[in-house]
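The primary structure of each chain is shown beneath.
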Amino acid sequence: MQEAFDLLIRQGRAVTPAGVVETDIGVRAGRIAGLGDLSAARSAETLDARRLLVLPGVIDSQVHLREPGLEHKEDLETGTAAAALGGVTAVFEMPNTKPATTDPGALEDKLRRARGRVWCDVAFLVGASRENADRLVEYERLPGCAGIKVFMGSSTGSLLVEDDETLERVLRSGVRRVAVHAEDEPRLRERRTLAESRHEPAAHPDWRDEETALRATRRLLALAATTSRPVHVLHVTTAGEVLLLAEHKDLASMEVTPQHLTFAAPECYERLGSRAQMNPPIRGEEHRAALWHAVETGIVDVIGSDHAPHTLEEKARPYPASPSGMPGVQTMLPVMLEHVAAGRLRLERLVDLLCAGPARVYGVAGKGRIAVGYDADLVLVDPRIERTIEDAMVRSRCGWTPFAGMPVRGWPVATIVRGHLVMRDDELLGEPAGRPVRFLGCPA
Ligand code: DOR
């Protein structure tokens, strides 16, 4: 009998576990159902992917979508619209909203808000605190929960686990990998006057210096070893942490962001001012080089955007009252494709960092690779498109990007979420139909 699909993506160059191959991709009931030469198959819909690359949909495992409580910067609809336009098919949302996501009620509220309003699949992290530390073992298994997030240093919002005793309780409560913002709060407090005495964002990496990051990561790794709990160090920024993390691959995975790979101090602060301000900070060239070395040598597991929108009005407050964070979910893939075009990493490595990596680190069920049986989350990329990133193309409510003015080669031209075409040529299509991401070993 002739095979029948709902959607057939014809003759693209797909990045699969078997390498980059020209293949058709047959989709049935939201999943990849056939690979290879499917020219004899019937299909309700067909997409011509000749001269296009087909990648697994990007999983952006660190985004702040600001709902509830901070919707003047972003919400679930605007943030996931930006994601879909950027080739992202799933996002993991961070808990530092208002209120913070620290209990099952707050998680359920976010899932309810997401229904019918998100353009890609979503999951939410639960924030660890002194109060909920012993209950995280139950919370991490809740449907739609991507895992537990710890802020060791304070950033936007009030979530904080600053002492080793609480951190150890957090690590002992549960089994899934814990995502950690590693900056040492006592040192941040000690050095705060450094930021206050110099009213310029260029002071940011001096206040939140390398030692602040290294100290927290060292403390975290010691406790991860004591408790045998795997951890994931978010947005790593220093050469020292890379060395340390390379010694602990059996315990710790690591993330870097496109902005830490693309920008360097002092130039970024001179050019972008507080738009370049984030936690942990953009640092000097030697640290950027160390992060690239970590990408090349396989130490980095994941690239995440740390999409952290703030309005330009907020950013215009005099430093250090200007908030830390920059948007990035929509630009992550284009910026990284430019790094591929410039020869800084290979496309297969990029796919590992943007798709398979997050799936592996967070234990995602059925996403992150182009393989039969996996969700049909795909992004079609035209490698011939050359564009300059501009504020005007940003769909995030904040309306700006630190990458404005950057010329890039390669652009996402179609985004497919579980077989639904949600973006074509920079336009959103259909209705927002994102669903909660499923995780291995957790109830759906
Ligand atoms: O720069 C940052 N902004 N780093 C964080 O850890 C939080 C984020 C935010 O939510 O604004």
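Since we're looking at a predicted model, the values are computed, not measured. (Residues numbered from 1 in each chain as written. Predicted model: local features only at pLDDT ≥ 70, side-chain atom pairs only at ≥ 80, totals over all residues. Heavy atoms only, no water.)

What about the pattern of salt bridges?
And step 1. One pass over the full model with this rule turns up 44 salt bridges.
And step 2. Of the charged contacts in the structure, one is a salt bridge between R418 and D121, with a shortest N-O distance of 2.7 Å. Of this pair, R418 sits in the loop between β15 (407-417) and β16 (420-424) while D121 is found in strand β8 (residues 121-127), placing the two residues 297 residues apart along the sequence. The pair R418 / D121 is uniform in exposure class, with both members buried. (Salt bridge = Lys/Arg side-chain N within 4 Å of Asp/Glu carboxyl O. Helix = DSSP H or I, 4+ residues; strand = E, 2+ residues; numbered from the N terminus. Buried < 20%, exposed > 50% of the residue type's maximum accessible area, 1.4 Å probe, protein only.)

So, the site of the ligand
And step 1. Lining the immediate surroundings of the ligand are 14 residues, of which R66, N96, T156, N279 and S324 lie closest.
And step 2. Contacts to the ligand include R66, whose side-chain N or O atom sits 2.8 Å from an oxygen atom.
And step 3. Against a free-state accessible area of 280 Å², the protein chains account for coverage of 100% of the ligand.
And step 4. Of the residues assigned to the shell around the ligand, the class counts are three nonpolar, nine polar and two charged. (Near = heavy atom within 4 Å. Polar contact = N/O pair within 3.5 Å; in protein donor to acceptor, adjacent residues only side chain to side chain. Areas by Shrake-Rupley, 256 points an atom, 1.4 Å probe, with all protein chains shown as cover. Nonpolar A, V, L, I, M, F, W, Y, C, P; charged D, E, K, R; others polar.)

A word on the packing of helix α5 (residues 185-197) against helix α7 (residues 210-227)
And step 1. The contact between α5 and α7 brings their axes to 9 Å, and the two run at 160°. If you check the angle between α5 and α7, you find them roughly antiparallel. As α5 runs across α7, the sense of the crossing is right-handed. On α7, the residues that touch P186, R187, L188 and R191 of α5 are E211, T212, R215 and R219.
And step 2. Taken together, the residues that form the contact of α5 with α7 break down as two nonpolar, one polar and five charged. (Axes fitted to C-alpha atoms, helices over the stretch in contact; angles between N-to-C directions. Parallel < 35°, antiparallel > 145°, perpendicular 65-115°, else oblique. Left-handed = near helix turned anticlockwise from the far one by under 90°. Contact = heavy atoms within 4.5 Å.)

Structural notes on the sheet that holds β8
And step 1. Pairing is parallel across the open sheet formed by eight strands, whose spatial order is β6-β7-β8-β9-β10-β11-β12-β13. Each having just a single partner strand, β6 (58-63) and β13 (302-303) make up the two edges of the open sheet.
And step 2. Bridging between strand β10 (residues 178-181) and strand β11 (residues 231-233) involves three bridges; their strand directions are parallel. Each bridged residue has a counterpart across the sheet, and for V178 the counterpart in β11 is V231.
And step 3. Against the sheet, α7 engages β10, β11 and β12 (252-256), with an angle of about 170° to β11. (Pairing = 2+ DSSP bridges.)

Observations concerning the pairing of strand β14 (residues 378-388)
And step 1. Sheet topology note: the strand β5 (residues 53-56)/β14 ladder contains four bridges and is antiparallel. Across the sheet, P56 pairs through a bridge with L378, a residue of β14.
And step 2. As paired elements, β14 and β15 share eight bridges and run antiparallel to each other. Within the sheet, the bridge partner assigned to L378 lies in β15 and is I416.

Quick word on the environment of N96
And step 1. Structurally, N96 can be placed in the loop between β7 (88-93) and α2 (104-114).
And step 2. According to the relative accessible area criterion, N96 is buried, its value standing at 5%.
And step 3. In this view, N96 contacts H64, R66, L70, F151, T156 and L159; residues no more than four positions away in its chain are not counted.
And step 4. In terms of polar contacts, N96 uses its side chain to reach the side chain of H64, at 2.8 Å.

Regarding empty space enclosed by the protein
And step 1. Following the criterion strictly, the structure yields six cavities of 30 Å³ or more and no others.
And step 2. As a volume, the largest cavity reaches approximately 110 Å³.
And step 3. Residue lining of the largest cavity: 17 residues in total, with H64, S155, N279, D306 and A308 positioned closest to the centre.
And step 4. Residues of the lining of the largest cavity, tallied by class, amount to four nonpolar, ten polar and three charged.
And step 5. The calculated volume of the second largest cavity comes to roughly 50 Å³.
And step 6. Every residue lining the second largest cavity is listed: A82, H307, P327, G328, V329, Q330, T331, V394, S396, W400 and T401. (1 Å grid on protein atoms, 1.4 Å probe; cavity = no way out; pocket = protein on both sides within 12 Å on 5 of 7 lines; lining within 4 Å. Points joined across faces, edges and corners; volume = space filled by probe spheres on them.)

Focus on the environment of R176
And step 1. Along the chain, the position of R176 falls in the loop between α4 (164-172) and β10.
And step 2. Residue R176 is classed as buried on the basis of its relative accessible area, which comes to 11%.
And step 3. Separated by 209 residues in the primary sequence, R176 and I385 place their C-alpha atoms 40 Å from one another.
And step 4. When sequence neighbours within four positions are dropped, the list of residues in contact with R176 reads E140, C145, A146, G147, R229, P230, Y362, F439 and C442.
And step 5. A polar contact is formed between the side chain of R176 and the backbone oxygen of A146, at a distance of 3.2 Å.

As for the packing of aromatic side chains
And step 1. A complete count under the given rule lists three aromatic pairs for this structure.
And step 2. Look at F92 and Y362: their rings are 5.1 Å apart centre to centre, the planes differ by 75°, and that puts the pair in the edge-to-face class. One end of the pair, F92, is in strand β7; the other, Y362, is in helix α14 (residues 347-362), with 270 residues separating them in the sequence.
And step 3. Residue classification places F92 among the buried residues on the basis of a relative accessible area of 0%.
And step 4. Residue classification places Y362 among the buried residues on the basis of a relative accessible area of 6%.
And step 5. The ring of F151 carries K149 above its face, with NZ or CZ at 3.9 Å from the centroid. (Phe/Tyr/Trp six-rings, centres within 6.5 Å; stacked < 30°, edge-to-face > 60°. Lys NZ or Arg CZ within 6 Å of the ring centre and 35° of its normal.)

Concerning the packing of α7 against helix α8 (residues 239-246)
And step 1. Between α7 and α8, the least distance of the axes is 9 Å, while the angle of their chain directions is 15°. The angle between α7 and α8 places the two elements in the roughly parallel class. The hand of the α7/α8 crossing is right-handed. Contact residues: α7 offers A213, L214, T217, R218 and L221, while α8 offers G240, E241, L244 and L245.
And step 2. Tallied by class, residues from the contact of α7 with α8 come to five nonpolar, two polar and two charged.

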